[in-house]
Amino acid sequence: GESVGLHLPTLSVQEGDNSIINCAYSNSASDYFIWYKQESGKGPQFIIDIRSNMDKRQGQRVTVLLNKTVKHLSLQIAATQPGDSAVYFCAEIMNSGGYQKVTFGTGTKLQVIP
Amino acid sequence: GAGVSQSPRYKVAKRGQDVALRCDPISGHVSLFWYQQALGQGPEFLTYFQNEAQLDKSGLPSDRFFAERPEGSVSTLKIQRTQQEDSAVYLCASSLGPDYSYEQYFGPGTRLTVT
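This text gives an overview of the structure that appears in the document.

Parameters and conventions
- Residues numbered from 1 in each chain as written.
- Chains lettered and ligands numbered in written order.
- Predicted model: local features only at pLDDT ≥ 70, side-chain atom pairs only at ≥ 80, totals over all residues.
- Heavy atoms only, no water.
- Helix = DSSP H or I, 4+ residues; strand = E, 2+ residues; numbered from the N terminus.
- Rg over C-alpha atoms; globule rule 2.2 N^0.38 Å.
- Buried < 20%, exposed > 50% of the residue type's maximum accessible area, 1.4 Å probe, protein only.
- Salt bridge = Lys/Arg side-chain N within 4 Å of Asp/Glu carboxyl O.
- Disulfide = S-S within 2.5 Å.
- Polar contact = N/O pair within 3.5 Å; in protein donor to acceptor, adjacent residues only side chain to side chain.
- Contact = heavy atoms within 4.5 Å.

## Looking at the overall build of chain A
- For chain A, the helix and strand inventory stands at zero helices and ten strands.
- Listing every helix and strand of chain A by position from the N terminus yields β-β-β-β-β-β-β-β-β-β.
- What you see for chain A is a C-alpha radius of gyration of 14 Å, in line with the 13 Å of a compact globule of 114 residues.
- Seen along its three principal axes, the alpha-carbon backbone of chain A occupies a region of about 45 × 30 × 20 Å.
- Here chain A holds 114 residues, and 43% of them are scored as buried.

This is how it looks when you write it as C-alpha cells:
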C-alpha cells in the first residue's frame, strides 16, 4: 500500500522504550486537541483527546500533555510495541459555524525497532 | 457494527476524466466530512454535511470539486476534469452529530492517481 509516512519526520524507538511525539499548534482559540494514529492504507484512528482547559490526560499506555503558553502538545507512549508503528497526527478542534472543525497538523512517523 | 466504508479503494484516472468517489457513513451518523490527504501530509478539510445539507464547502480547492449527500446518508465526491494535482487519498469521516464532530470515524480512503 501507499506510504502515508513518506517525507514525514521519523522517530525510531526500541521496542519496550517510551516514545514522545511532539506537535506545535497554531490557534490559541482551539477547544480540543486530539491525537490520531494512521496506519498505512487506513484512515486516522482516534487515540486520545484533551480539552483546552486541561494540561494533562492519561489513557491506556498513552499520555497527552498540553502547554498552552508555547502552543505545544505531546503524546507519550509507554512501553512502545511494534503495533504502535504508524504515523501520528495532532489535530486542533474549533467550533465553526455550528459544528466542530478538525484541523490536522504535520504528522510524525513512529518506527518501532523489535 | 460496520464502520465507514469508501469505494473504490483505488482509482486511476487519465487527466481530464471525471471521477466519483463514494462514502457510506456509519448508520445514523448525522455529520459527514470529506478530507484530502496528499502523500506525506495530514488530511485537509474539504467539506461538511449535516444530514443532506452541505454546511461548509470552504475547503473544496476548485469548482471542479462537487460533493452531495442527497438523502442524508451516502455521500459522493465528484471531481470533474481531473488534474495531476488532484492525486491524493480522499478520506470520508462521519460522526453522530454536530456536537460530536470531534468524534469522527474515518473510512480507509480512496487513493486517486491521475496520470
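Still more ground to cover, so stick around.
## Observations regarding the pattern of salt bridges
- Within this structure, the stated rule accounts for seven salt bridges over all chains.
- Among the ionic pairs, arginine 61 of chain A bridges to aspartate 84 of chain A, the shortest N-O distance being 2.9 Å. Placement of the pair is arginine 61 of chain A in the loop between β5 (56-58) and β6 (62-67) and aspartate 84 of chain A in the loop between β7 (72-77) and β8 (86-96), with a sequence separation of 23 residues.
- Taking the relative accessible area as the measure of exposure, aspartate 84 of chain A reaches 7% and is therefore buried.
- A salt bridge links aspartate 56 of chain B to lysine 101 of chain A, with the nearest nitrogen and oxygen atoms 3.5 Å apart. Separated into two different chains, aspartate 56 of chain B in strand β6 (residues 53-56) and lysine 101 of chain A in strand β9 (residues 99-104) make up a pair that spans both.

## With respect to the state of the cysteines
- Enumeration according to the criterion identifies two disulfides over all chains in this entry.
- The disulfide that involves cysteine 23 of chain A links it to cysteine 90 of chain A, with 1.6 Å between the sulfurs. Taken as a pair, cysteine 23 of chain A in strand β2 (residues 19-24) and cysteine 90 of chain A in strand β8 lie far apart in primary sequence, 67 residues in all. Of the two residues, cysteine 23 of chain A and cysteine 90 of chain A, neither departs from the other in class, the shared state being buried.
- Across a sulfur-sulfur distance of 1.8 Å, cysteine 23 of chain B and cysteine 92 of chain B are joined as a disulfide pair. Taking the sign of the torsion about the S-S bond as the criterion, the disulfide between cysteine 23 of chain B and cysteine 92 of chain B, at about -65°, is left-handed. Of this pair, cysteine 23 of chain B sits in strand β3 (residues 19-24) while cysteine 92 of chain B sits in strand β9 (residues 88-95), placing them 69 residues apart in sequence.
- A residue is classified by how much of its surface remains accessible, and cysteine 92 of chain B, at 0% relative accessible area, is buried.

## Observations concerning the side chain of threonine 110 of chain B
Residues and elements named next belong to chain B.
- Considering the arrangement of structural elements, one finds threonine 110 in strand β11 (residues 110-114).
- Since its relative accessible area comes to 0%, threonine 110 is described here as buried.
- From its side chain, threonine 110 meets the backbone oxygen of proline 8 in a polar contact 2.5 Å long.
- With residues near it in sequence (within four places) discarded, threonine 110 still touches Gln6, Ser7, Pro8, Arg9, Lys11, Leu21, Ala88, Val89 and Tyr90.

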